[in-house]
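Structural overview for review
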Amino acid sequence: MPVAKERKDFIFNIVAGLSLSLSAGAVVAQEVETESPWKAYGQLNVGILSFDDGEVNTNYGLVDNDNSSTRIGVFYNGQAGSTGWTTMGNMEFQYNPKSTSNVSQINPDGGSTEITKANIRKIEIRFSNDEYGRVWLGQGSMASDGIAGQDVSGTGTIAGAATADSAGASLFRQKDGILSDESVGEATDHFNGLGRRVRLRYDTPEYNGFRGGVSYGQDLLSDDPDRQKQGLIDIAGYYAQERNGYLINGGIGYGHNLDTKRDVFSGSISGLHLDSGLSLTLAAGTNSEDGLTGTYGYTKVGWETDFFDIGSTAFSLDYYAGNSISEDGDNSGSVGAAVVQNLGYQQLWFIARKFTYDRETTDYYDGVAVFGGTRLRF
């Protein structure tokens, strides 16, 4: 049996066994508790997207918002025993065949409608203790996942350091009229850690708002056998604190691929003045892989206020600048204006974003995305 398959079978057998154990625990808990330890959740996050590539304006119609995809999941929260340890189980799936991550001028209908293992976001179990920290096992976030996305502006649903998420698969058009194969997503990466993998992860206890994490994982859900074999390690530190009228979230992390020798270092910090609603968010990172070292910086200013009794309204302006992200010496940029209206569990959102891309050998038109829609959570 191939090594990759043995690893895959081993991990998923563990997760399956843990799931059965959780189910048995839930039956016992329900006999003594009036409230079920199981909780279902999810969201629908869709909007109308159009993209102007300088010559052609493409209206994609209704698409999923890849800033925060449509998903459904279930939590299991176990009770703390005499040892002080609690158990949490989480399964989460997404379904977004027509998304900002796959619609383009040459593929306006998006990707496949089939449900595959790529739709699995999380199948994990976590053991927590206030004194000793947390241990995670299964498919889920590596320690550095989301490290560049610390954001308290109120517009993170549609605007953040991941500027490409609003139109990632859309293509830049050359000024000679030819539609290039360079996508917005390839040109404006934000190096947001090592993502979600089948991993073993440890997080330290929180101390004065600080906590750390370290993990080892493999991309066992990939269809590429070579990617499945690659070992990934990372380390990250986070800070979250409300003090003296300010809310501040921040993080910094480093990830390394043991096989390809890819190194990614990135971080972000976001601060909100609670009385005024004014916020500032900063992010930056660097990625070295295959002889190419890319860097970027990101800045966002925001304002959240209560115009209406039904919920707060948040506004933001942001700017992204990248160098050597897709090709050595290239330059990419983005500027965006966003608004989010909160309506309880629902949000209405809108963004207008311009993307720029330059190479020494090729001139490109700017691309402009206009995207408006709603997120409904349950």
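Note: the structure precedes this text.
Residues numbered from 1 in each chain as written. Predicted model: local features only at pLDDT ≥ 70, side-chain atom pairs only at ≥ 80, totals over all residues. Heavy atoms only, no water.

1. A word on the nonpolar core
Ranked by internal contacts, the top residues of the largest apolar core, which has 21 residues, are Leu49, Phe51, Ile158, Phe172, Phe355 and Phe371. Of all the elements in the fold, those that place two or more residues in this core are strand E1 (38–52), strand E2 (57–64), helix H2 (184–187), strand E17 (331–343), strand E18 (346–358) and strand E19 (367–377). With four residues, E18 is the largest single contributor of residues to this core. Grouped together as the second largest cluster of nonpolar side chains are 12 residues, Met142, Ala161, Ala283 and Tyr298 included. (Core = buried A, V, L, I, M, F, W, Y, C linked by side-chain atoms within 4.5 Å. Buried < 20%, exposed > 50% of the residue type's maximum accessible area, 1.4 Å probe, protein only. Helix = DSSP H or I, 4+ residues; strand = E, 2+ residues; numbered from the N terminus.)

2. Notes on the layout of surface pockets
Roughly 200 Å³ of internal volume is contained in the second largest pocket. Around the second largest pocket, the lining residues are Gly84, Thr86, Ser128, Asn129, Asp130, Gly133, Arg134, Asp203, Thr204, Pro205, Glu206 and Arg211. Only strand E5 (120–129) and strand E6 (133–141) provide two or more residues apiece to the lining of the second largest pocket. (1 Å grid on protein atoms, 1.4 Å probe; cavity = no way out; pocket = protein on both sides within 12 Å on 5 of 7 lines; lining within 4 Å. Points joined across faces, edges and corners; volume = space filled by probe spheres on them.)

3. A word on the pairing of strand E14 (residues 278–289)
Note: strand E13 (residues 263–273) against E14, 10 bridges, orientation antiparallel. Across the sheet, the residue bridging to Ser266 is Gly285, located in E14. Between the antiparallel neighbours E13 and E14 lie four residues, among them Gly277 with a positive phi of about 80°. Counting the residues between successive antiparallel strands, the hairpin from E14 to strand E15 (residues 292–308) contains two residues, one of them, Asp290, with a positive phi of roughly 55°. (Pairing = 2+ DSSP bridges.)

4. Some details on the side chain of Arg359
Counting through the fold element by element, Arg359 comes out in the loop between E18 and E19. Residue classification places Arg359 among the buried residues on the basis of a relative accessible area of 19%. A distance of 2.7 Å separates polar atoms of two side chains, one belonging to Arg359 and the other to Glu182. Residues contacting Arg359, with those up to four places away along its chain left out, are Glu182, Ser326, Glu327, Asp330 and Tyr364. (Polar contact = N/O pair within 3.5 Å; in protein donor to acceptor, adjacent residues only side chain to side chain. Contact = heavy atoms within 4.5 Å.)

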